[in-house]
Amino acid sequence: MGSLASEGADVQGLFNRVAARYDTANRVMSAGVDVLWRRKAIGRLVDALPAEPRVLDLGAGTLDGAVEIARRAPGARVAAADFAREMLRVGRRKIPAGARLDTHAADGHALPYRDGAFDGAFSAFCVRNLADLPRGLGELRRVVRPGGRVVIVEFFRPERPRFFFDKVYNARVLPLLGWAVTGDRDAYRYLPESIGRFASLAEFADLLRAAGFGAVDGAPLFPSGVASLVVAS
């Protein structure tokens, strides 16, 4: 792995390149299950929010999560942060009229928000891309007020071998599907590689606690724990 700056630039460029076809690729590769994962996770978030909350969507991408938060919590002010400007640009067309949703080009290692700025935070498939995970989780903890809830959906490194998902689908089928939809084979080789070198769910829970989160709960999502849901406060 390179330096924080060079590695971040590489991943940033990758997401900017595939932004226009990112949503289509996600729907094809997950058979639409990624939509259900986000809805389930955001349900856990909005249950804990006060009236007219301030909410961060970290790694907001093309704004699927941020728009769903705005829909489920109509009084919310949502900050959608991502370091890939092109992803945010593509997503802005989804923002419904009247939604209090702002997009910010921002680095998860140095968020441009004051301490305790948010009542809660959501992140889907972002934290795996942080070059310095403890630093990024520390920033997330800093900008969420004490007692606020953080909900994360992510692909974690499996603790047990999963032959079909790891050796067949992720390693061979997924890059071909991503290439077919976006024309960018390298971008979808990055996904299984990033999962393989990322933390396990248990290791990630320990990192959240080390960053200052108290209650941390993680559970695999259907099907077969391909992705997992983590709730922390």
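As a reminder, the structure under discussion sits directly above these lines.
Summary of the structure given here. The shown structure was predicted, so the numbers you read here are calculated from the model rather than taken from an experiment.

1. Some remarks on the packing of aromatic side chains
No. 1: The tally for this structure, following the rule as stated, stands at eight aromatic pairs.
No. 2: Summarising the aromatic geometry, the rings of Trp-37 and Phe-155 are spaced 6.1 Å apart at their centres and angled 80° between planes, so their arrangement reads as edge-to-face. Highlighted residues: Trp-37 in helix H3 (residues 33-46) and Phe-155 in the loop between strand E5 (144-154) and helix H7 (163-182), separated in sequence by 118 residues. The same class applies to Trp-37 as to Phe-155, namely buried.
No. 3: Lying over the aromatic face of Phe-213, Arg-141 brings its terminal NZ or CZ to 5.9 Å of the ring centre.

2. As for empty space enclosed by the protein
No. 1: Taken as a whole, this structure holds one cavity of 30 Å³ or more when the rule is applied.
No. 2: By volume, the largest cavity is sized at about 330 Å³.
No. 3: No other element matches helix H2 (residues 22-30), which puts three residues into the lining of the largest cavity.
No. 4: Across the lining of the largest cavity, the residue classes tally to 15 nonpolar, eight polar and six charged.

3. Looking at the environment of Arg-149
No. 1: Assignment of secondary structure puts Arg-149 in strand E5.
No. 2: Through-space distance from the C-alpha of Arg-149 to that of Phe-122 is 8.6 Å; in sequence the pair is 27 residues apart.
No. 3: Beyond its immediate stretch of four places on either side in the chain, Arg-149 contacts Arg-44, Leu-45, Ala-48, Asp-119, Gly-120, Ala-121, Val-144, Val-231, Ala-232 and Ser-233.
No. 4: From its side chain, Arg-149 meets the backbone oxygen of Arg-44 in a polar contact 2.6 Å long.

4. Topic: the environment of Tyr-22
No. 1: Among the secondary structure elements, Tyr-22 is positioned in helix H2.
No. 2: Taking the C-alpha atoms as reference, Tyr-22 lies 8.6 Å from Val-181; in sequence the two are 159 residues apart.
No. 3: Ignoring anything within four residues of it in the chain, the contact list for Tyr-22 reads Phe-15, Thr-62, Met-87 and Tyr-188.

The rules behind each value
- Residues numbered from 1 in each chain as written.
- Predicted model: local features only at pLDDT ≥ 70, side-chain atom pairs only at ≥ 80, totals over all residues.
- Heavy atoms only, no water.
- Phe/Tyr/Trp six-rings, centres within 6.5 Å; stacked < 30°, edge-to-face > 60°.
- Helix = DSSP H or I, 4+ residues; strand = E, 2+ residues; numbered from the N terminus.
- Buried < 20%, exposed > 50% of the residue type's maximum accessible area, 1.4 Å probe, protein only.
- Lys NZ or Arg CZ within 6 Å of the ring centre and 35° of its normal.
- 1 Å grid on protein atoms, 1.4 Å probe; cavity = no way out; pocket = protein on both sides within 12 Å on 5 of 7 lines; lining within 4 Å.
- Points joined across faces, edges and corners; volume = space filled by probe spheres on them.
- Nonpolar A, V, L, I, M, F, W, Y, C, P; charged D, E, K, R; others polar.
- Contact = heavy atoms within 4.5 Å.
- Polar contact = N/O pair within 3.5 Å; in protein donor to acceptor, adjacent residues only side chain to side chain.

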